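For reference, the chains in residue letters:
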Amino acid sequence: MTRFDTTVTTVRQVAPGFIELGFTWPAHLQVPLPGQFFTVKTGGSKYDPVLRRPFAFSSFGSDSTAYSIIQMKGRGTAWLGGRRTGDPLDVMGPLGTAFSAPPASASPVLLAGGVGLGPMLYLMESLVRQAADGACAAPVLAAGFRTASLVPAIGLPAGTVICTDDGSAGFRGTVVDWLAGTATDAPPYLYACGPAPMLAAAAGLARATGARYEASLEQWMACGVGACAGCAVRLVSGDYIKACVDGPVYDGLLVDWESYR
Amino acid sequence: MITKETVPHPDMTVRIGTLVMPNPVGVASGTFGYGEEYGAMYNLDALGALYTKAVTPGYRAGNPAPRIVETPAGMLNSIGLANPGIDGFINEKLPALSTLRCPVIVNVAGSTEDDYLRVVERLQTEQGLAGYEINISCPNVAHGGLAFGTDPDQVERLTRRIKNAVGSGGRPVIVKLSPNVTDIAEMARAAEAGGADAVSCINTLVGMVIDIEKKRPVLARGTGGLSGPAIRPVGVAMVYKASRAVSIPVVGLGGITCAEDAIQYLLAGAAAVQVGTANFSRPETPLEVLDGIAAYMQREGLSKVSDFRTLLR
């Protein structure tokens, strides 16, 4: 974990309201693992906005470029959308926990909702390599969107199952609906990132089928390193974990999704 | 002494009671955990003081989420004093903290006067601590906290009980004052009357953000404590008032982001400062603030930190 000043290599719109950000990753730092995240100081002022913005890695290039898919929702992400190649970028990372490797006996199933696609793409990069080495079964990615126009213009992995809420592309329904109606060769090992209702539904399905389930959590956070205890996520045990250091990847069966928003 | 010439090596030390801090720049309680996280990023021995996250007698899980929300040039937090409790602190956090060369000041909190006493008395026999900061001003707990900080009689009585427990010549007791009062000078005088070695101000200001679509407060507990650059002018004014009301040192904090911000506090009358929310956005801020203060002292001909407060016109 470290803070560094680097350079933007790419900012391009991949769907209405969504960008892919690329930036140079310092060669001396650990290559980020799928599931980990970084934070960016946005805006031109040291006074405002105060909080760094957390984003998941979506890819890592052999030229030591890190990528992220970012939904432009507020002033921080709008500022990022206005960056150009060569602009400076204040980054802290890699932060948080990573997805674990699936057991060889399981079928990895990756569920992505909306902007949750980013970390699932990065995990796919890794699992496809592991499957080629025979370490796990071939992974399947299901990516859900509200409608066809929000499917990003990036090279999705071969075999990606597209789901849309309105049926305008691919499967009509959510990624969890799709999985509920789909048989896998081996017990599925679930990975998911997306809106809280989707993560909660996936937890219900995992519980019903006895599947292992790793969810990527999202929460407002201030420090990103475990110092402030701001990004609390409640567990079914009643305890709280910190999304930034105990997560963002956490056992989805242990999270109190009722409390989660 | 103030000379018209540059001072190549100003004396950066600050004295609080029996404690000599190596420099005036500390890190504020609640923004720095127990030093573990930022200790991985830079050498904490460079700090003037490390004020720990609050310690209460028992473990506290903290408040429901969401606990934080961003505001214009600031943020609200409602953490709820989440901490491992005094035993957890001593067993899990103190071993690493006690290896630091910078002074470690434990922020003490509770719901009753006896809670504060229990924490302080338990720590009296532990090594590796330099002092206590008494948190009578947390706005985010249902009992205690802010309640102590708004009644001068309670401030004086609690301070006296803690000073009696620590003993004269013992570790310094710094009382952290709330800005959520009509007259902070009255609270500073109460702390001084109770025997405090210093006061620190300001803690956060009570604030609320409402989600107009959901028509409810964003924070689960409704209100939270406002920190960040937005509150700096409030903090500077309160340090100005408090430092003129008492003869004990005043430690200034609230929205310090750079050396220029910290120098405002020192000119207003602060003996030392703390960097808080800025640790989140730029962890090396305390080191940059220290360098900037030293450069200003050299340029302005200040030979020691206490010269600052004599300069304000």
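Residues numbered from 1 in each chain as written. Chains lettered and ligands numbered in written order. Predicted model: local features only at pLDDT ≥ 70, side-chain atom pairs only at ≥ 80, totals over all residues. Heavy atoms only, no water.

(A) Geometry of the nonpolar core. Core analysis: the biggest nonpolar cluster contains 139 residues, and Leu-111 and Tyr-213 of chain A together with Phe-89, Ile-134, Ile-293 and Phe-308 of chain B have the highest contact counts within it. The dominant element in this core, judged by the number of residues it contributes, is helix H4 (residues 196–209) of chain A, at seven residues. The residues touching Phe-89 of chain B, leaving out its near neighbours within four places in the chain, are Tyr-34, Thr-52, Val-55, Pro-84, Leu-94, Leu-97, Val-106, Leu-123 and Leu-129 of chain B. Core analysis: the second largest hydrophobic core is formed by 26 residues, Val-14, Phe-99, Leu-117 and Leu-150 of chain A among them. (Core = buried A, V, L, I, M, F, W, Y, C linked by side-chain atoms within 4.5 Å. Buried < 20%, exposed > 50% of the residue type's maximum accessible area, 1.4 Å probe, protein only. Helix = DSSP H or I, 4+ residues; strand = E, 2+ residues; numbered from the N terminus. Contact = heavy atoms within 4.5 Å.)

(B) Spotlight on the sheet that holds strand S7 (residues 88–95) of chain A. Residues and elements named next belong to chain A. Strand order in the open sheet formed by seven strands is S4-S3-S7-S1-S2-S6-S5, and the pairing between neighbours is antiparallel. Strand pairing shows two members of the sheet lacking a second neighbour, strand S4 (53–56) and strand S5 (59–60), which therefore form its edges. When strand S3 (residues 37–40) meets S7, the two strands line up antiparallel, connected through three bridges. The residue bridging Val-40 from the neighbouring strand is Val-91, located in S7. (Pairing = 2+ DSSP bridges.)

(C) Quick peek at empty space enclosed by the protein. Following the criterion strictly, the structure yields three cavities of 30 Å³ or more and no others. Taken together, the elements giving at least two residues each to the lining of the largest cavity come down to strand S6 (74–77) and helix H9 (278–281) of chain B. Class assignment for the residues of the lining of the largest cavity results in 15 nonpolar, 17 polar and two charged. Taken as a whole, the second largest cavity spans an internal volume of roughly 60 Å³. Taken together, Ala-15, Phe-18, Ile-69, Gly-114, Val-115, Leu-117, Phe-145, Leu-150 and Pro-152 of chain A make up the full set of residues lining the second largest cavity. In terms of residue class, the lining of the second largest cavity is built from eight nonpolar, one polar and no charged. (1 Å grid on protein atoms, 1.4 Å probe; cavity = no way out; pocket = protein on both sides within 12 Å on 5 of 7 lines; lining within 4 Å. Points joined across faces, edges and corners; volume = space filled by probe spheres on them. Nonpolar A, V, L, I, M, F, W, Y, C, P; charged D, E, K, R; others polar.)

(D) Quick peek at the environment of Cys-228 of chain A. Examined against the element boundaries, Cys-228 of chain A turns out to sit in the loop between strand S13 (212–216) and strand S14 (232–234). When its relative accessible area of 5% is taken as the criterion, Cys-228 of chain A is described as buried. A sequence separation of 134 residues divides Cys-228 of chain A from Pro-94 of chain A, and the C-alpha atoms of the two residues are 18 Å apart. Among all residues touching Cys-228 of chain A, those that are not within four sequence positions of it are Ala-222 and Cys-223 of chain A together with Gly-30, Ile-79 and Phe-280 of chain B.

(E) Geometry of the packing of helix H2 (residues 85–97) of chain B against helix H3 (residues 113–124) of chain B. Residue and element names in this part refer to chain B. Two numbers describe how H2 lies on H3: the axes approach to 10 Å, and their chain directions differ by 30°. Accordingly, the angle class assigned to the pair H2 and H3 is roughly parallel. H3 is crossed by H2, and the crossing has right-handed handedness. Here Ile-86, Asp-87, Phe-89 and Ile-90 of H2 lie close against H3, whose contacting residues are Val-119, Arg-122 and Leu-123. Residue composition of the contact of H2 with H3, by class: five nonpolar, no polar and two charged. (Axes fitted to C-alpha atoms, helices over the stretch in contact; angles between N-to-C directions. Parallel < 35°, antiparallel > 145°, perpendicular 65-115°, else oblique. Left-handed = near helix turned anticlockwise from the far one by under 90°.)

(F) Fine view of the interface of chain B and chain A. Between chain B and chain A, the contact holds 37 residues from the first and 30 residues from the second. A per-residue breakdown of the area chain B buries against chain A is headed by Ile-68, Glu-70 and Phe-280 of chain B, which together make up 23% of the total. For the pair chain B and chain A, the number of links is three salt bridges. In this structure, the salt-bridge partner of Glu-284 of chain B is Arg-3 of chain A, at a minimum N-O distance of 2.6 Å. In this structure, the connection of chain B to chain A is made through ten residue pairs in polar contact (both at pLDDT 80 or more). When residues of the side of chain B that touches chain A are traced back to their parent elements, those giving at least two are helix H1 (36–39), strand S5 (68–71), S6 and H9 of chain B. It is S5 of chain B that provides the largest number of residues to the side of chain B that touches chain A, a total of three residues. For the side of chain B that touches chain A, the residue count by class is 18 nonpolar, ten polar and nine charged. (Buried area = accessible area lost by both parts, 1.4 Å probe. Salt bridge = Lys/Arg side-chain N within 4 Å of Asp/Glu carboxyl O. Polar contact = N/O pair within 3.5 Å; in protein donor to acceptor, adjacent residues only side chain to side chain.)

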